[in-house]
Each structure stands twice: as structure tokens, then as C-alpha cells.
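The lines below spell out each chain.
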Amino acid sequence: MNHIFNDLEGLRIAAEMERRGEAFYRSAAKLSKNAEAIAMLQSLAEDERNHLLEFQRLYDMASARREEGDSYGDEVNAYLSAVAADIVFPGGLMEFRSTGFDSIEAVLAYAIASEKDSILFYSELSQHASDPEARDMFLEIVRQEKAHLHLLCRKLHGLESEEEA
């Protein structure tokens, strides 16, 4: 299914994706029995929370520039939430359960895959943004997500190096 949305809706989806990511990691942490995995999941939830606050700030800035203001109703909010769910964390906790809530490597691999999906989505939005300021906001989101991806990859590589030693 093709989703059509404007620049402001794209920023709204960015914030919603982070909100869902935070909830996902917090829920997964409650289901894990491994203390290290729980700590990692809680850390990932905090990362998502920090991104949410930043992306919400970007959305609020863009929304304030609109003459008519934010006119999204409950139906549109539900739609944007569904779009965000389709892009990142599509299988939810049930899919993640199969790879393991208790494995730090599985947690990091899942988080890395989610970051990659996010980067692709935001890159696409930046390429199609009609407003130069919105394009810059999407590119800033891409930059932040790439930095987070790099950090997660380093953590996973560090774990793999420890196992080999």
C-alpha cells in the first residue's frame, strides 16, 4: 500500500515511530529475564525517548509555521500511527520474541535493523520534501539515526569481539 503524506505528516510519523519504539523496548524489557538484556532494552527505550523529544520539537516548529495550524483529527492520528507501525517494529513483540528478549546480540541486531529501516524512510522523505526547511529537518533526523546506528553497530561488534577472544 502506498502512503501519501505531506512534510508535516512525515515529521509527525517520525515522532510516532520513536514513541512506538520506546514502548516496544520498555515492553520487551518487562518480558526479558536476562539482566544485561533488560539494561540494554531500557537503554534503547531511553534513546527512543530522547529522539521522540527532539523529533516532536522539530514537528512543533514546522507546525507553528503552518498558517492553519495542526488540523489532524483522531482518524488521521490513527492512520499515522498505523503507518509508523508498518515502517519500524512491524512484527511487534511476538516477532521479536522468536529472536529472544534475553539475548543482547538479538536485541542489538533487531535495533540495528529498525534503525536501518528508519534511515531509509527518512531519507525518502527528505528526497521528496517540498519545503526546504522540512528537507533539512528530515536530513537532521537521518543524521541522528545514522549516529545511533553507528553506536549500536559498535556495541554489537564489541560483543562479537568479546565472544571470539
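In every chain, residue numbers begin from 1 and rise along the written sequence. At least 70 in pLDDT is required for a residue's local features to be given in this predicted model, at least 80 for side-chain atom pairs to be given and counted, and no such filter applies to totals for whole chains, interfaces and linings, which use all residues. Think of the side-chain values as coming from all heavy atoms in the structure, minus any hydrogens and water.

Side note on the overall build of the protein
Note the following rule: Each helix is a run of DSSP H or I of at least 4 residues and each strand a run of E of at least 2, with the numbering of both proceeding from the N terminus. Should any heavy atoms of two residues lie within 4.5 Å, those residues are considered in contact. Per-residue and other accessible areas follow the Shrake-Rupley method at a 1.4 Å probe size, with only the shown protein chains counted as cover for residues.
Of the regular secondary structure elements, the protein holds six helices and zero strands. Its helices and strands taken in sequence order, the protein reads α-α-α-α-α-α from the N to the C terminus. Look at the contacts in the protein between residues 6 or more apart in sequence, and 79% of them connect residues 24 or more apart. Within the structure as shown, the protein displays about 8900 Å² of accessible surface, and the carbon and sulfur contribution to it stands at 53%.

Some details on the pattern of salt bridges
The line we're drawing: In what follows, salt bridge is the name for a side-chain nitrogen of Lys or Arg lying within 4 Å of a carboxyl oxygen of Asp or Glu. For the exposure calls, accessible area comes from a 1.4 Å probe over protein chains only, and a residue counts as buried if that area is under 20% of its type's maximum, exposed if over 50%, partly exposed in between.
Under the counting rule described, the total for this entry stands at six salt bridges. Put simply, glutamate 16 and arginine 20 hold a salt bridge, and the shortest N to O gap is 3.5 Å. Taken together, the residues span about one helical turn, with glutamate 16 and arginine 20 both in helix α1 (residues 7-31) at a distance of four residues. Here arginine 57 ties to glutamate 54 by a salt bridge, and the two come within 2.6 Å at their closest N and O atoms. With arginine 57 and glutamate 54 both in helix α2 (residues 35-65), this residue pair falls three residues apart, about one helical turn. We classify arginine 57 as partly exposed; its relative accessible area is 40%. Of the residues examined, glutamate 54 reaches a relative accessible area of 21% and is grouped as partly exposed.

A short note on the packing of aromatic side chains
Basically, it comes down to this: Here a pair means two rings of Phe, Tyr or Trp (six-membered ring of Trp) with centres within 6.5 Å. Their orientation is stacked below 30 degrees between planes, edge-to-face above 60, and tilted elsewhere.
Throughout the structure, instances matching the rule amount to four aromatic pairs. Plain terms: the ring middles of phenylalanine 24 and tyrosine 25 are 5.4 Å apart, the flat faces sit at 75 degrees to each other, and that makes the pair edge-to-face. A single burial state applies to phenylalanine 24 and to tyrosine 25, both of which are buried. Taking the centre distance of 5.3 Å and the plane angle of 15 degrees together, the rings of phenylalanine 24 and tyrosine 110 count as stacked. Placement of phenylalanine 24 in helix α1 and of tyrosine 110 in helix α5 (residues 104-128) is noted, with a sequence separation of 86 residues between them. Take phenylalanine 24 and tyrosine 110: they sit in the same class, and that class is buried.

Notes on α1
Selection rule: To estimate the expected span of a helix, subtract one from its residue number and multiply by 1.5 Å.
For α1, built from 25 residues, the straight-helix expectation of 36 Å at 1.5 Å per residue is met to within 8% by its first-to-last C-alpha distance of 36 Å. Across the 25 residues that make up α1, a large majority, 18, are buried.

Looking at the packing of α1 against α2
Which entries qualify depends on this criterion: Orientation is described by lines fitted to C-alpha atoms, with helices fitted over the stretch in contact, and by angles between N-to-C directions that extend from 0 to 180 degrees. Small angles under 35 degrees read as roughly parallel and large ones over 145 as roughly antiparallel, with 65 to 115 read as roughly perpendicular and the rest as oblique. Each crossing gets its hand from how the near helix is turned against the far one by less than a right angle, where anticlockwise is left-handed and clockwise is right-handed. Charged means Asp, Glu, Lys or Arg here, nonpolar means Ala, Val, Leu, Ile, Met, Phe, Trp, Tyr, Cys or Pro, and polar covers whatever is left, Gly included.
Where α1 contacts α2, the axes come no closer than 8 Å and their chain directions differ by 160 degrees. Taken together, α1 and α2 sit at an angle that is classed as roughly antiparallel. Between α1 and α2 lies a crossing of left-handed hand. Residues that form the contact of α1 with α2 fall into these classes: 17 nonpolar, five polar and eight charged.

Considering the packing of α2 against α5
As a packed pair, α2 and α5 sit with axes 9 Å apart at the nearest point and diverge in direction by 20 degrees. When the axis of α2 is compared with that of α5, the two are roughly parallel. For the crossing formed where α2 meets α5, the hand is right-handed. The segment α2 lies against α5, with Glu36, Ala37, Met40, Leu41, Leu44, Glu48 and Phe55 engaging Ile104, Val107, Leu108, Ala111, Glu115 and Tyr122.

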